[in-house]
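The chain contents come next:
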Amino acid sequence: MTLRERFDPDRLVAAACTEAGSDDFGEDGWQAGLRRLTDGLVSEARLSDIGVEIACLDIMRALKNRLDVIAWRTAHPEIAQRPIEAPIVIVGQPRTGTTILYDLLAQDPDLRAPLTWEVDAPCPAPQPETYRTDPRIAQTQASIEMSEQIIPGFLAFHPMGALVGQECVRITASEFTSMIFSVQYRLPGYYRWLLYEADHAGAYRFHRIFLQHLQSGVPGQWLLKSPAHLWRLDDLLAAYPDALIVQTHRDPLNVISSIAALTHHLRRMGSDVSTIAECAAQNYEEIVVGLDREMALRDSGAVPDGRIIDVLYRDFANDPWTTIGDVYRKLGRELRPETARKMRDFLAAHPGDGGRGRYTWSDTGLDAGEVRERVSAYQDRYGVPTEQLR
């Protein structure tokens, strides 16, 4: 079978319908993203043999999860009537402390992060009595550990786990309007479509359907995270009008070099041809578009400042507990002693390594002066300190 045949969208859709035993994908619109994605995987991604298999599995999982969730919703129509109230959404750029902030807030038993295992295998809906013992947990963990075998050191660079909170891009993958694909694979056409042309409203509608599905089994106030939300804060708030947003801020230059190294690392799982400089050029464009759009939306009043809590990476790194306390106060929540203790225990067990020389600015091939000038308005607005380049 040729590469074009392997990634024929009609063939993949038919195979997913056969495996799922359903052909109801719900609302239309996702097909445009699937076709963009499959075209890019054939003509631009430079996939290795194992990369072809991984990409096919990614697409099939996204299709089958969508089919399964819609089928479950059809069988349980009451799910659609259950509200999602005041989700807390972390929206900072990658490598700005979002992951550790997410993980720490997830220690709060009153907050509900979507865990990797239930995002990857959402049906049947998770249940409280088996939420930490469901057999899907072991299956998901085994899949994650396989990534480490393909690329040793992967999990040190990008920690993952079946019982760890997952990012929203893993959910919107089933709409095929998700940066998860353009991070993992070299897809210049797809990522520009995603930035400038794609209709993200449908992705947020499916995201809401997915959360309603998960909370039908295990309820709670949602805690969410994705850097991609900065591209479309207006669509986010259209789906979740009472969302509470936490935006982390860090010197964009070190963000670019760090995320470029991570992107390069991820792409090596599916391709033998990748460079940090090429990844950095894409990351630079994505980051400045996200920052420009969120500032414009806040200036216009479409995203009221009172709905967003700004967190400086430097402050959080230097004194996480003062930052956490400040976030709780601004959220109007009580940080109970037992929750604070869980957070401290988690941080002690996951201290991080600060990157350990895994990235340097010189690898990006970008002109530091030009980039600094481009992001100066952002740094000035939020008081983001300039860091020494690594």
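Residues numbered from 1 in each chain as written. Predicted model: local features only at pLDDT ≥ 70, side-chain atom pairs only at ≥ 80, totals over all residues. Heavy atoms only, no water.

Enquirer: Quick question: what am I supposed to make of the packing of aromatic side chains here?
Expert: The geometry of an aromatic ring pair is captured by two quantities: the separation of the ring centres and the angle between the planes. All chains considered together, the criterion is met by eight aromatic pairs. With centroids separated by 6.3 Å and ring planes inclined at 40°, the aromatic side chains of Trp30 and Phe176 adopt a geometry described as tilted. One end of the pair, Trp30, is in helix α3 (residues 30-43); the other, Phe176, is in the loop between α9 (169-172) and α10 (179-184), with 146 residues separating them in the sequence. For the pair shown, Trp30 and Phe176 are each scored as buried. Ring centres of Tyr190 and Trp193 lie 5.5 Å apart, and the angle between their planes is 45°; on these two criteria the pair is classed as tilted. With Tyr190 and Trp193 both in helix α11 (residues 188-196) and three residues apart, this pair spans about one turn of that helix. With respect to burial, Tyr190 and Trp193 carry one shared label: buried. Taken together, the aromatic side chains of Phe25, Trp30, Phe176, Phe181, Tyr190 and Trp193 make up a single cluster linked through ring pairs. Stacked on the ring of Tyr313, the Lys or Arg Arg250 has its end atom at 4.2 Å from the ring centre. (Phe/Tyr/Trp six-rings, centres within 6.5 Å; stacked < 30°, edge-to-face > 60°. Helix = DSSP H or I, 4+ residues; strand = E, 2+ residues; numbered from the N terminus. Buried < 20%, exposed > 50% of the residue type's maximum accessible area, 1.4 Å probe, protein only. Lys NZ or Arg CZ within 6 Å of the ring centre and 35° of its normal.)

Enquirer: Mind showing me how you'd approach the nonpolar core here?
Expert: Buried together is how nonpolar side chains tend to be arranged in soluble globular proteins. With 92 residues, the main nonpolar core has Leu41, Ile59, Leu63 and Phe176 as its most contacted residues. Ile59 has contacts with Phe7, Leu12, Leu34, Leu37, Thr38, Leu41 and Phe176, leaving out every residue within four places of it along the chain. (Core = buried A, V, L, I, M, F, W, Y, C linked by side-chain atoms within 4.5 Å. Contact = heavy atoms within 4.5 Å.)

Enquirer: Can you walk me through the side chain of His265 in this structure?
Expert: Tracing the sequence through the fold places His265 in helix α14 (residues 252-267). For His265, a relative accessible area of 12% puts it in the buried group. With sequence-adjacent residues up to four places away left out, His265 is seen in contact with Ile151, Pro152, Gly153, Phe154 and Phe157.

Enquirer: Please explain the pairing of strand β3 (residues 221-225) as it appears in this structure.
Expert: A regular strand places its side chains so that they alternate between the two faces of the sheet. The buried fraction of β3 amounts to five of the five residues, a majority that puts the element mostly inside the structure. Going residue by residue along β3, you find Gln221, Leu223 and Lys225 tucked away on one face and Trp222 and Leu224 tucked away on the opposite face as well. In this sheet, β3 lies alongside strand β1 (residues 88-90) in parallel orientation, the contact comprising three bridges. Within the sheet, the bridge partner assigned to Val89 lies in β3 and is Leu224. Bridging between strand β2 (residues 111-112) and β3 involves two bridges; their strand directions are parallel. Looking across to β3, one finds that Leu111 is bridged to Gln221. (Pairing = 2+ DSSP bridges.)

Enquirer: Would you take a moment to explain the sheet that holds β1 for this structure?
Expert: Paired through their backbone hydrogen bonds, the strands of a sheet run either parallel or antiparallel. Spatially, the five strands line up as an open sheet ordered β2-β3-β1-β4-β5, and their pairing is parallel. What marks the edges here is a single partner per strand, and that holds for β2 and β5 (308-312). Helix α5 (residues 98-105) rests against β1, β2, β3 and β4 (244-249) of the sheet, and its axis sits at about 165° to β3. Packed on one face of the sheet, helix α12 (residues 201-215) meets β2 and β3 and runs near 135° to β3. (Axes fitted to C-alpha atoms, helices over the stretch in contact; angles between N-to-C directions.)

Enquirer: Would you explain the packing of α3 against helix α4 (residues 49-75) in this entry?
Expert: Any two packed helices are characterised by how steeply their axes cross, that is the angle between the axes, and by the distance between the axes. Look at α3 against α4: their axes get within 12 Å of each other, and the N-to-C directions meet at 170°. Looking at the two axes, α3 sits roughly antiparallel to α4. Between α3, through Trp30, Leu34, Leu37, Thr38 and Leu41, and α4, the contact on the second element is made entirely by Ala55, Ile59, Leu63 and Arg66. Taken together, the residues of the contact of α3 with α4 break down into seven nonpolar, one polar and one charged. (Parallel < 35°, antiparallel > 145°, perpendicular 65-115°, else oblique. Nonpolar A, V, L, I, M, F, W, Y, C, P; charged D, E, K, R; others polar.)

Enquirer: What should I look at first to understand a nonpolar patch on the surface in this one?
Expert: A grouping of Ile50, Met146 and Ile150 is seen on the molecular surface, where their side chains present a nonpolar patch of about 240 Å² in accessible area. Looking at the secondary structure, you find Met146 in helix α7 (residues 135-150). Judged by relative accessible area, which is 43%, Met146 ranks as partly exposed. (Patch = residues over 30% accessible without salt bridge, like charges linked within 9 Å, V, L, I, M, F, W, Y side chains within 5 Å. Areas by Shrake-Rupley, 256 points an atom, 1.4 Å probe, with all protein chains shown as cover. Salt bridge = Lys/Arg side-chain N within 4 Å of Asp/Glu carboxyl O.)

Enquirer: What is the right way to look at the state of the cysteines in this model?
Expert: As used here, a disulfide is simply a covalent bond connecting the sulfur atoms of two cysteines. Enumeration over the complete set of coordinates arrives at zero disulfides. Here Cys168 stays free of any disulfide, with the sulfur of Cys123 as its closest cysteine sulfur at 18 Å. Looking at Cys168, the relative accessible area reads 2%, which means it is buried. (Disulfide = S-S within 2.5 Å.)

Enquirer: What is the right way to read the pattern of salt bridges from this model?
Expert: Side chains that carry opposite charge are capable of pairing whenever their charged atoms lie near each other. Across all of its chains, the model carries 29 salt bridges by this definition. Of the charged contacts in the structure, one is a salt bridge between Asp310 and Arg298, with a shortest N-O distance of 2.9 Å. A residue pair is termed long-range when its members are at least 10 positions apart, and Asp310 in strand β5 and Arg298 in helix α15 (residues 276-300) qualify at 12 residues. The exposure class assigned to Asp310 is partly exposed, which follows from its relative accessible area of 30%. The partner of Asp326 in a salt bridge is Lys330, and the shortest N-O contact between them spans 3.2 Å. One end of the pair is Asp326 and the other is Lys330, both in helix α17 (residues 320-331) and four residues apart, which spans about a single turn.

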